[in-house]
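Survey of secondary and tertiary structure
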Amino acid sequence: MTRKLRPYDEPPKAKRSLIPSRPDSAATLFLVVAILWLVAATGIGALAQMQLAFPDAINGSLKIPFGPGFTLQLTSATTQPAFVDALIFGWLSNAAFAAVCFITPRLTGTRLATDGIATLSLLAWNAAIAGGVALLYVKGASGTAALAEFPLPVKGLALLGLLGINAVFWRTVLMARGDRYISLFYFGIALLALLGLMALSTVPAVVSLGATNDQLLYAFHARAVATYWVLGSALATLYYLVPRVTRNPLYSGGLALLGFVGWLAFAGLSAIGALVDPSVPYALTSLGTAGTLWLLAPTFMAVANLLGTIRGRWSLMLSTGTLSLAVVSLAFITATALLESVGALRSVQAWTAGTAWPMGVLVFSALGGATFAYYALADHALPRVLHRSWSESILSDVLLWATFVGTSLAGFAMLAGGLVAGSLRSEGVPPDQLAGTLRWFELASAAGLGLASLGALAFLVNAFLIYTAAPLVELAVPSSVTTSPTTPAASAAGR
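Residues numbered from 1 in each chain as written. Predicted model: local features only at pLDDT ≥ 70, side-chain atom pairs only at ≥ 80, totals over all residues. Heavy atoms only, no water.

**Considering the overall build of the protein chain**
The test is simple: Numbered from the N terminus, helices here are DSSP runs of H or I no shorter than four residues, and strands are runs of E no shorter than two. Whether a residue is buried, partly exposed or exposed follows from its accessible area with a 1.4 Å probe, protein chains only, as a fraction of its type maximum: under 20%, in between, or over 50%, in that order. The contact criterion used is simple: two residues touch if any of their non-hydrogen atoms lie within 4.5 Å. The method behind every accessible area is Shrake-Rupley, applied with a 1.4 Å probe, and residues are considered shielded solely by the protein chains displayed.
Looking only at helices and strands, the protein chain features 17 helices and two strands. Expressed as a percentage of the 495 residues in the protein chain, the buried residues total 53%. Long-range pairs, those at least 24 residues apart, make up 84% of the contacts in the protein chain between residues at least 6 apart in sequence. Just so you have it, the protein chain exposes about 21,700 Å², and 69% of that area is on carbon and sulfur atoms.

Written as structure tokens, this is what we have:
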């Protein structure tokens, strides 16, 4: 006969907060949302290239008789900016925020200041980006530039989310004791730069500087986001992952610091090079062009330093995993730096102006270098934040090869299409004949982005299987971790 349990014999039920605040909850949510953005962004990108190839068949508009009425426009002029925004602000930014929330506590030895504020920041940021991307398709709701310009309320909500992430990061770092690591330097500057650039881009919505000056400001904003945020957060992630996975100390702390100082200085100068207009002094634009060329040096320093860190551990490259994904990221970062340096030359700028060349460089940078850095982060972090035991599967191979081949195909097709367009334009080829020639390059880039979308779907399914099919592992995590900076673990974290 079983005895009925009395109320006080039953263990109390765990109370769950409406806003998750357990350790690594913010990093997990940011990664999950980022994966969804990646699937959406690659799909939108493939659609944009198909619209360029077949403008009469796919483009269209729909007028909705609601209130005063508004028109939805599904054209390459709206889909292309939507692709860029979903890629940069949706996928890459959420993945970078996940890297901040995952890496910062492990380098400082303390819990993230508050996962709850980070989660609220996630909600604010993604609501703003989703609303901004949707408004791109509404005629007259937002402007378009190198990075699409959202309406002021949308930017205000995004700024609120950025403020929360910055507050969480800086509070965690300032509360920690001990040495500071190079990854934290990159993350700190990248977060502050994105916050400042987002605030700067709201100026034309408040006080118009004139049509020309507004466009120059948008061009500066877009280039600075690429150099400070996209490149900086990717390097911060790699500086953590490569030493940690190889269990080697960083090859050279001095070289890492020198590369960081060079990146900090030349990333801003490179953004000045985007101010191409007769109203801008020639000396200032030339200084920006030189900054793009000088940015090669700190980029190569970082790549060489990380490759040197792999010494004795190259056998890890034989399987698809964190290190192989990180090395692919380094290859794309190197190629992007070279392409940007070539594109900064005035003769090349004149040749490729108004072509697909800049979009090809963006694909190499964002969908190549930065994306593979965050693939490596997810491969390393997801089993840890989900407490699952997981080994590589065929989905990991699909993720690697579909994204690599797709990004390479799309990037090279856009670059080649830009060069061909410049050549035919200089020969005075009629627009109809030019469009027919470029259609093959546009179809190739659409196929490449479609392959990248397949890799994103494999990424999504892989993450789902880790959570649902992998066995649970109970980890004993101490409330605080103190690591001496003289131990190999501290030097392996990228001091």
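**Describing the environment of P471**
Note that P471 resides in the loop between α16 (431-468) and α17 (488-492). P471 sits 81 residues away from W390 along the chain, and the two C-alpha atoms are 7.8 Å apart. Residues in contact with P471, not counting those within four places in the same chain, are H387, R388 and S389.

**Notes on the pattern of salt bridges**
Put simply, the test is: Throughout this description, the term salt bridge denotes a Lys or Arg side-chain nitrogen within 4 Å of a carboxyl oxygen of Asp or Glu.
Scanning the entire structure with this criterion turns up two salt bridges. For R106, the salt bridge goes to D24, with nearest N and O atoms at 2.9 Å. With R106 in helix α3 (residues 76-108) and D24 in the segment before α1 (25-53), this residue pair connects regions lying 82 residues apart in the sequence. Overall, R106 belongs to the partly exposed group, its relative accessible area being 30%. R223 is the partner of E340 in a salt bridge, and the nearest nitrogen-oxygen pair spans 2.9 Å. Of the two residues, E340 sits in helix α12 (residues 322-344) while R223 sits in helix α8 (residues 211-246), which places them 117 residues apart along the sequence. For E340, a relative accessible area of 19% puts it in the buried group.

**Description of the packing of α3 against α8**
Operational definition: Here the axes come from fitting lines to C-alpha atoms, over the contacting stretch only for helices, and the angles between their N-to-C directions go from 0 to 180 degrees. What sets the label is the angle itself: under 35 degrees gives roughly parallel, over 145 gives roughly antiparallel, 65 to 115 gives roughly perpendicular, and the rest give oblique. For a crossing to be left-handed, the near helix must be turned anticlockwise from the far one by less than a right angle; the clockwise case is right-handed. Just so you know the grouping, Ala, Val, Leu, Ile, Met, Phe, Trp, Tyr, Cys and Pro go in nonpolar, Asp, Glu, Lys and Arg go in charged, and all remaining residues, Gly too, go in polar.
Relative to each other, α3 and α8 sit at 40 degrees, their axes nearing to 10 Å. By the angle between their axes, α3 is oblique relative to α8. The hand of the α3/α8 crossing is left-handed. In contact with I88, F89, L92, S93, A96, F97, A99, F102, I103, R106 and L107 of α3, α8 contributes H221, V225, W229, V230, S233, T237, Y240 and R244. Broken down by class, the residue content of the contact of α3 with α8 amounts to 13 nonpolar, four polar and two charged.

**Considering the packing of helix α4 (residues 115-135) against helix α5 (residues 152-175)**
At their nearest, the axes of α4 and α5 sit 8 Å apart, and the two run at 155 degrees to each other. Relative to α5, the element α4 is oriented roughly antiparallel. Viewed along their axes, α4 and α5 form a crossing whose handedness is left-handed. On α5, the residues touching I117, A118, S121, A124, W125, A127, A128, G132 and L135 of α4 are V154, L157, A158, G161, L162, G164, I165 and V168. Considered class by class, the residues forming the contact of α4 with α5 number 13 nonpolar, four polar and no charged.

**Concerning α12**
Inclusion rule: The span you would expect from a helix comes to 1.5 Å times its residue count less one.
Its 23 residues place the ends of α12 33 Å apart at the C-alpha level, agreeing with the 33 Å of an ideal helix rising 1.5 Å per residue. Within α12, 18 of the 23 residues are buried, which leaves it mostly tucked inside the rest of the structure.

**Points about the side chain of N462**
In this fold, N462 is placed in helix α16. Given a relative accessible area of 8%, N462 falls into the buried group. Excluding residues that lie within four positions of it along the chain, N462 makes contacts with W390, S393, L395 and S396.

**Re helix α10 (residues 282-294)**
Across its 13 residues, α10 extends 18 Å between first and last C-alpha, which sits within 8% of the 18 Å expected from 1.5 Å per residue. For α10, the complete set of buried residues consists of T285, G288, T289, A290, G291 and T292.

**Here we look at the confidence of the model for the protein chain**
Worth spelling out the cut-off: On a scale of 0 to 100, pLDDT captures the predictor's confidence in every residue.
The predicted model of the protein chain averages 85 in pLDDT, with 87% of residues at 70 or higher. Helix α11 (residues 296-309) holds the highest mean pLDDT among the elements of the protein chain, 96, whereas α17 holds the lowest, 41. In this model, residues 477-495 is a region of pLDDT below 50 whose contacts with residues beyond four sequence positions or in other chains number 33 contacts.

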